[in-house]
Structures are given as structure tokens and as C-alpha cells.
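# Close look at the chain arrangement
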Amino acid sequence: MKREKIPVTVLTGFLGAGKTTLLNRLLKAPEMADCAVLINEFGEIGLDHLLVERLDDDVVLLNAGCLCCTVRGDLVRVLRDLALRAEGGQAIRRVVVETTGLADPAPILQTLMTDPVVLSAFRLDGIVTLVDAASGMATLDTQIEAVKQAAMADRLVLTKLDLASPESAAALAARLSALNPVAPLLRAEHGAIAPAALLDAGGFDPAGRLPAVADWLAAEAGHHHHHDHHHDRNRHDAGIEAVSFVFDAPLPWDGVATWLEMLALTRGDSVLRVKGLLNIAGEERPVVVHGVQHVFHPPLKLAAWPGDHDRKSRLTLVLRNLPRAVVEEGLVAFIRAAQDTMTIRTG
Ligand SMILES: Nc1nc2c(ncn2[C@@H]2O[C@H](COP(=O)(O)OP(=O)(O)OP(=O)(O)O)[C@@H](O)[C@H]2O)c(=O)[nH]1
């Protein structure tokens, strides 16, 4: 009997749109049993694998760069490996690939639709693109990746509607419908959405889309053909850079929180994303912080440190046209100031 092809859902959306939040909710649904998850992150220190709650053998971190550029070969390798495992009898009923927020979907689509080994075992089920209602409009104005993600989607999902006015949400919805007349426009509240609305999207259909979509895919086909073995490090805006900080000693919460609030307020246009897993002085559990452009999201505590974790704080920022030194100076100053107050208070 011929084996059924395994459906692959590509979950995309700009930095901080809410992909991991939605994925966590989705993975709890019965329809998602035996789902393998591939996670890709931009930046040296991947944290998402720690934030996806169902961590087992079927969560694979594709971490050495961005999926649409340097890690494309990794995607193929991991899918081939999954195909072998399925062949060997392991139950793998679906695959979800969470891309980086900066991913251009065209090369990923191209890979999923043309690699013969991948095609023999998998079929593209659909591209699900999340758009943050709080910062989506500004992102579409400035980042071509976000425009491509929206235009190529099979399902569009508006997130963070609780942070946007009805008027700005309506304007964003209208812009998205113009960019992509074929994808249903859905909503998710803190990641909550019926899995059936996202799954079994029926594969990518170019019909009815903006003419640019066909051009992007065609360009990709040529690109792939000519530069198959080269790493394309320049795909992203040259001004975009991921910087990471590691702190050995526990951090004062006051300093970090004030700094993050200031950063979102004053540098939200340049600090596209902040993500951190922090060891806070006086706090047993790890604290996760998220910043997305002008929004500093409420921090949350994880239940416990992962067993093998060194308990050092790790913070990653994705900056646009902002030198690392500027961020570092501010961070160090706020931490020092908070530590001084701590010393005075306790001493
Ligand atoms: N207020 C609000 N916050 C949300 C919603 N959905 C997600 N968030 C928050 O947005 C922040 C970023 O969410 P993530 O799920 O990490 O976003 P992501 O797209 O995976 O981020 P990257 O992988 O860095 O691109 C977190 O603090 C979430 O709690 C929502 O509907 N409303």
C-alpha cells in the first residue's frame, strides 16, 4: 500500500507576531498528536525550544541561522530524517515548521515543493501567517519579508487584537485583504484558534494572488538553480542584526524591567524584537521577557528551569540600524543603577 504523504504546515509571521504562543496552544489539540515540530530562530541563542512546552524527540531546533537562507539544507536533511523514521514505523502524522520572523517564505516553499526526496514523503499543507495587530502596519511599511509572508499565506491570522484599536485593526485587515485576496483572515487571542481553521489548507495555490507572488517564486527557482550550494547571507536587510547577551550572575529585576520599558518606548522602531530567559535575583523560577517594537509584553515565569540549564540569563535582541554598543551601554547602566539601590536597600 502506498504511504500517505505527511502534511507540512509552515507557520510564519514577522518577529514577535505570536507564532510560539499559537504553536503551544495548537500542540495541545488532539488533532496534533504525532506532530513533529521544527523550529528555526534568528540569532545566536535560540530560546524558542525552551518555550515550546511539549519538548520531546519530535521537536527539532534548526538553529544555525535563518531557514530561508543558511538553514535550507538543514530543513531538507531533517525532513529526510523524519521520512526515514516514518518509514521505520514511527507515527508522524504531521509536521509544523515555525520559521524565524524574518523568513522569506518563497525559498521555503520552493524547497518544499521541489526537492524530490521531500516530495516523496511530504506534501505542503499550507502557509499560516500571523500578523500582529499592534505593530503589523508599521512592519508592512518597512519590511518586505512581512509583505511576502502575508501575500503568500494560505491562512492569515491577526493576533494581539487586544492591543489595537478597532479602527487600526480594520485598516490592517483591509491592507491584508488587498495583499492577499485568497487567504481567509482569522483571529487568534493569545494563540487561541480552532486547529481545523489552520490545518488541511489544501496546499499552496498560486491562483488569485498578487502577480508578484509568481515572480518571487520564479526568482527563487532561478536562485536555487544557480546558487544551490552557496549560503545567502545577504537576503535580509543589511541593517538587521541579532545580538545576544549572557549574564552569569542573577539580574536585578528593577533594572532590567526599567531598561526594557525605556527601550520599547524610545527605540521601538529599531529594536524589532527582545527575547530573554532570565535568572532574576531572589526568584527561583526563570522569567521570560518579550519585547516587540514598541510593546514590552508582561513577563511570565516558567514552571522551573529546564533540567540541564546552566541558569545563566540569556537575552537576544534583533536590531535594525542600531549599533549593539548603544543597547549594551543602556543595559549595563540600568543594571548598575539597580544594583546600587539593591546594595543600599540591603546594606
Ligand atoms: N496581548 C497579547 N499578547 C500576545 C498575543 N499573542 C502573543 N502575545 C505575546 O507576544 C509576545 C511574543 O509572542 P511569541 O509567541 O513569542 O512570538 P513569536 O512570533 O514566536 O516570536 P519570534 O519567534 O521571536 O518571531 C509574547 O509576550 C506573547 O505572550 C495576543 O493575542 N495578545
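Here is what the cut-offs are and how they apply
- Residues numbered from 1 in each chain as written.
- Predicted model: local features only at pLDDT ≥ 70, side-chain atom pairs only at ≥ 80, totals over all residues.
- UniProt positions renumbered as here; feature names shortened; annotations may be inferred.
- Helix = DSSP H or I, 4+ residues; strand = E, 2+ residues; numbered from the N terminus.
- Pairing = 2+ DSSP bridges.
- Near = placed C-beta within 6 Å.
- Domains from an automatic or database assignment.
- Buried ≥ 20, exposed ≤ 12 C-beta atoms within 10 Å, placed from the backbone.

Looking at an unreviewed UniProt entry, one finds the chain named GTP-binding protein, with Neoroseomonas terrae as its source organism. If you open the UniProt record of the chain and go to Function (unreviewed entry), you find "Zinc chaperone that directly transfers zinc cofactor to target proteins, thereby activating them. Zinc is transferred from the CXCC motif in the GTPase domain to the zinc binding site in target proteins in a process requiring GTP hydrolysis."

Once that is clear, we can look at the UniProt feature "domain: CobW C-terminal" (unreviewed entry) in the chain. Following the UniProt record, one finds the feature "domain: CobW C-terminal" (unreviewed entry) at residues 240-335. For residues 240-335, the helix share is 28%, the strand share is 35%, and the end-to-end C-alpha distance is 25 Å.

On to the pairing of strand β10 (residues 287-292). Examined bridge by bridge, strand β9 (residues 271-278) and β10 share 6 bridges and lie antiparallel to one another. Paired with G276 across the strands is V289, a residue of β10. Of the strand pairs in this sheet, β10 and strand β12 (residues 300-301) are connected by 2 bridges, and their pairing is antiparallel. Considered in β12, the bridge of V288 is made with L300. Pairing between β10 and strand β11 (residues 295-296): 2 bridges, direction antiparallel. Of the residues in β11, the one forming a bridge with V292 is V295.

Before going further, it helps to spend a moment on the site of the ligand. Within the structure, the ligand sits among 22 residues, and G18, T21, G101, H290 and H297 are positioned closest to it. When residues of the shell around the ligand are traced back to their parent elements, those giving at least two are α1 (19-26), β9 and β10. Among the elements that line the shell around the ligand, the one with the most residues is α1, at 3 residues. A domain split of the shell around the ligand shows at least three residues from each of domain 1 (6-226) and domain 2 (240-346).

Our focus in this paragraph is the environment of R3. Summarising the element assignment, R3 is placed in the segment before β1 (6-13). Overall, R3 belongs to the exposed group, with 10 C-beta atoms counted inside 10 Å. As a C-alpha pair, R3 and A83 span 80 residues in sequence and 11 Å in three-dimensional space.

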